[in-house]
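# Residue-level structural notes
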Amino acid sequence: LKMSWFWLYLPLHLLTATCLCHSIKASTTSSQQSFKADLFNFYHSLVLADGKETTIHLLKDIPKRYYFVLEEGRVLAPFSITVTPCDVPIEWNILVYKSPPARATPGDHDTQEVSKSQKVSSMVSTIFSYKGNSVETYMGMSSHSALYLLEFLSTERDTHITVYLTTDTTSGHLYPELPTDPRIDVIGIGHTTVTLAWKHSPSVLQHRDSTQYCLLVNEKHNYKSLCAAETAIRASGMKLPPTLALSLSPYLLEPQQVMILSNSELSIINKVSSGEVRQVCMGTKNTYTVPNLSPSTQYYFDVFIVNLLTNASAAYTGTFARTLEEPEPKVAELKDGKVVHVVLDGKKEKFYSLQYQARHKKIHFTFQLCQGQIQVHIMRNGKTVASENLSGVRYFSLKGKLLDTYLVQLRSTEESNSSVKVQASPHFHKPLFPLLPESLKIKSFSKLRTCRSVTIAWLGTQEESKYCVYRKRIEEDQIWRELQSADRCSGPESRHKSEKVLCKYFYDLNLQRAVTTETIKGLEAGALYLFDVYLFGPSGIPVRYHSKVVKTRKKC
């Protein structure tokens, strides 16, 4: 900005004010004092930068003032001012000081003095006033040189705001543009999910590489700006990254924060006293399904379009939705000795309940985890007697009274499918599964590997049992899938006949020596193999050891 006019303009105001102090009569005293106050305001004001977002901290009940001068020599001088409250409502005004009036013509002295006073008063005018916490933009156009004063006041508490002034309204915008309809549409509601959609910002269509959408989810209320949301979260005791314009660079997160990166989406979940506050940046996609919400809970959703180069943002009109009530879990009946195979869909059906009425005082529950992750919760007559995450085969022996009612609640703890086999029976009932060793791991011996053979070992028990070994040739990119998707409840009947290596019986009364080894020959050099061992008990139901992947040597 050219400031030469301003420095000439202020002394002229001072000279005018000085003359008025000695000549204006009592009838014009109020105008005199008002003008002196205006001059005082200028000397206690700061220059507002042009083309830059300025953060201003306000103390309660103490006004803060900034000024700027429009450039000289322009026929029309457009400008815009955007003020973003970052917390409580504020009051702000724009005052304009026009060029001083021309000298009065000779005449009556009193008439001249009153005329001067009226002209001095008319030099100052308020052109805009606002009170609230919304983001407001004033756009103006001046055909003459003028000086502008901005006044800001917070009457509730200490706060901060951001102010953006620009006199260059033709070369782009600091803030991304919102569409003509900035509403967020709720297009789907589930028990634990809400699906949102919104119209594309023109900025995304023009600058796809430097803009992205970020979503804020909370249980309290909507936020009208990004800095208001960040301020509220900090007030809850959290520390946040500088803005929600989350690049994929690492952050030093607080202990109460969880960062999740999947499918090019970065989520930060803040654990605050009033519930979770989630922040998700999803690139330029304008639809999103919010997962892992609580049933029957009202959530507030805010979408921000963020300029990644400047961190400036614009807020869509926030919305809210209430998730559906959790359906009553299905309750199936457990019968003595009968095995029930329960399959849970991690996305649709995460819960399942089984009821059992005891006909004996001692009850034996058996669980075999087949796939995924499942948490079991056992209640007797409404009181919890056991609860844990399942792993492999698990037994629970419980003692109660005749006709006690047991409720077994199963819950999937992951998105993918999970399954488990369950049996309830009197304590003296024939066991469903064979006696298990201390560990179901298969060990391989690196030093005994050759180009054509592999030696493996596994633990046995004090009970004579049948063990069958199977092998499968796999590739590098199949390892994770084979290990993660394996159904641990499936038996050898699901395997191809060519994969069977051998079956053998063994046991040892001394558990220290209850171990067996087997050398599998006829393998290919430098190849990966998946080995499985199945243990069969008296009931004929197999237990699968943990799969082992071994690679033969390339050269021998």
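These notes cover the structure that comes with them. Note that this is a predicted model, so its numbers are computed, not measured.

The helix and strand tally for the protein chain stands at 6 helices and 36 strands. Counting all 556 residues of the protein chain, 44% fall into the buried class. When contacts within the protein chain are restricted to residue pairs at least 6 apart in sequence, those whose partners lie at least 24 apart make up 74%. Put simply, the protein chain shows about 29,300 Å² of open surface, and 52% of that area lies on carbon and sulfur atoms.

Looking now at the packing of aromatic side chains. Scanning the entire structure with this criterion turns up 18 aromatic pairs. For the pair Trp198 and Tyr213, a centre-to-centre distance of 5.6 Å together with 75° between the ring planes defines the contact as edge-to-face. Placement of Trp198 in strand 11 (residues 194–198) and of Tyr213 in strand 12 (residues 211–218) is noted, with a sequence separation of 15 residues between them. Judged by its relative accessible area of 3%, Trp198 is buried.

Another aspect to go through is the pairing of strand 19 (residues 319–322). Only one face of strand 19 is covered, namely the one carrying Thr319 and Ala321; the face carrying Phe320 and Arg322 has none of its residues buried. Of the pairings in the sheet, the one linking strand 17 (residues 298–307) to strand 19 comprises 4 bridges and is antiparallel in character. From the neighbouring strand, Phe301 faces strand 19, where its bridge partner is Thr319.

Further remarks concern empty space enclosed by the protein. Taken as a whole and judged by the stated rule, the model has 1 cavity of 30 Å³ or more. Quantified by volume, the largest cavity comes out at close to 50 Å³. As for the largest cavity, its lining consists of Gln368, Leu369, Gly392, Val393, Leu440, Arg488, Val543, Arg544 and His546. Secondary-structure elements contributing two or more residues to the lining of the largest cavity are strand 23 (362–371) and strand 35 (542–544). Among the residues making up the lining of the largest cavity, the classes are represented as 4 nonpolar, 3 polar and 2 charged. Residue contributions to the lining of the largest cavity reach at least three from each of two domains, namely domain 3 (331–425) and domain 4 (442–551).

Here the focus is the sheet that holds strand 2 (residues 52–58). In sheet architecture, strand pairing relies on hydrogen bonds along the backbone and comes in two forms, parallel and antiparallel. Spatial strand order, 2-9-4-7: 4 strands in an open sheet with antiparallel pairing. With one partner strand each, in any of the chains shown, strand 2 and strand 7 (136–142) form the two edges of the open sheet. The sheet shows a mean angle of 20° between the axes of neighbouring strands, taken without regard to direction. Across 6 bridges, strand 4 (residues 77–85) lies against strand 9 (residues 159–166) in antiparallel orientation. Bridging from a neighbouring strand, Val83 pairs with Val163 of strand 9.

Under the defined criterion, the tally for this structure stands at 5 disulfides. Bridging Cys451 to Cys556, the disulfide has an S-S length of 1.9 Å. Because the sign of the S-S torsion sets the handedness, a value of about 120° for the bond joining Cys451 and Cys556 places this disulfide among the right-handed ones. One end of the pair, Cys451, is in the loop between strand 29 (443–444) and strand 30 (454–459); the other, Cys556, is in the segment after strand 36 (548–551), with 105 residues separating them in the sequence. In this model Cys468 forms its disulfide with Cys503; the gap between the sulfur atoms is 2.0 Å. In this structure the cystine formed by Cys468 and Cys503 twists about its S-S bond by roughly 105°; its chirality is therefore right-handed. Of the two residues, Cys468 sits in strand 31 (residues 465–474) while Cys503 sits in strand 32 (residues 500–506), which places them 35 residues apart along the sequence. Using a relative accessible area of 32% as the deciding quantity, one classes Cys503 as partly exposed.

Topologically, Leu535 is positioned in strand 34 (residues 528–536). Considering only alpha carbons, one finds Leu535 and Cys468, 67 residues apart in sequence, at a separation of 6.8 Å. Residues in contact with Leu535, not counting those within four places in the same chain, are Pro434, Leu435, Leu436, Pro437, Ser465, Lys466, Tyr467, Ile541, Pro542, Val543 and Tyr545.

With that settled, consider helix 5 (residues 226–235). A large share of helix 5 lies buried, amounting to 7 of its 10 residues. Listed in full, the buried residues belonging to helix 5 are Leu226, Cys227, Ala228, Ala229, Glu230, Thr231 and Ile233. N-capping of helix 5 is provided by Ser225, with a side-chain oxygen placed 3.2 Å from the backbone N of Ala228.

So, on to the pairing of strand 12. The element strand 12 is extensively covered by neighbouring structure, given that 8 of its 8 residues are classed as buried. Across 8 bridges, strand 12 lies against strand 17 in antiparallel orientation. Its bridge partner lying in strand 17, Leu215 is registered against Val303.

The next thing to look at is the pattern of salt bridges. All told, the structure shown has 15 salt bridges when counted by the stated rule. Here Glu499 makes a salt bridge to Arg495, at a shortest N to O gap of 2.7 Å.

Further remarks concern the nonpolar core. Leu354, Phe365, Phe367, Ile378 and Leu410 are the most contacted members of the largest nonpolar core, which has 25 residues in total. Among the secondary structure elements, those contributing two or more residues to this core are strand 21 (339–344), strand 22 (351–357), strand 23, strand 24 (374–380), strand 26 (393–399), strand 27 (405–412) and strand 28 (418–426). Apart from the residues within four sequence positions on either side, Phe365 is in contact with Leu334, Tyr356, Ile378, Arg394, Tyr395, Phe396, Leu398, Tyr406, Val408, Gln423 and Ala424. Within the second largest apolar cluster, 24 residues are counted, among which are Leu48, Trp92, Phe128 and Ala146.

This brings us to the environment of Ile479. Mapped onto the elements of the fold, Ile479 is located in helix 6 (residues 479–484). Along the chain, Ile479 and Val549 lie 70 residues apart, while their C-alpha atoms are 7.7 Å from each other. If sequence neighbours within four positions are ignored, Ile479 has contacts with Ile474, Leu528 and Val549.

Conventions and cut-offs
- Residues numbered from 1 in each chain as written.
- Predicted model: local features only at pLDDT ≥ 70, side-chain atom pairs only at ≥ 80, totals over all residues.
- Heavy atoms only, no water.
- Helix = DSSP H or I, 4+ residues; strand = E, 2+ residues; numbered from the N terminus.
- Buried < 20%, exposed > 50% of the residue type's maximum accessible area, 1.4 Å probe, protein only.
- Contact = heavy atoms within 4.5 Å.
- Areas by Shrake-Rupley, 256 points an atom, 1.4 Å probe, with all protein chains shown as cover.
- Phe/Tyr/Trp six-rings, centres within 6.5 Å; stacked < 30°, edge-to-face > 60°.
- Pairing = 2+ DSSP bridges.
- 1 Å grid on protein atoms, 1.4 Å probe; cavity = no way out; pocket = protein on both sides within 12 Å on 5 of 7 lines; lining within 4 Å.
- Points joined across faces, edges and corners; volume = space filled by probe spheres on them.
- Nonpolar A, V, L, I, M, F, W, Y, C, P; charged D, E, K, R; others polar.
- Domains from an automatic or database assignment.
- Axes fitted to C-alpha atoms, helices over the stretch in contact; angles between N-to-C directions.
- Disulfide = S-S within 2.5 Å.
- Polar contact = N/O pair within 3.5 Å; in protein donor to acceptor, adjacent residues only side chain to side chain.
- Salt bridge = Lys/Arg side-chain N within 4 Å of Asp/Glu carboxyl O.
- Core = buried A, V, L, I, M, F, W, Y, C linked by side-chain atoms within 4.5 Å.

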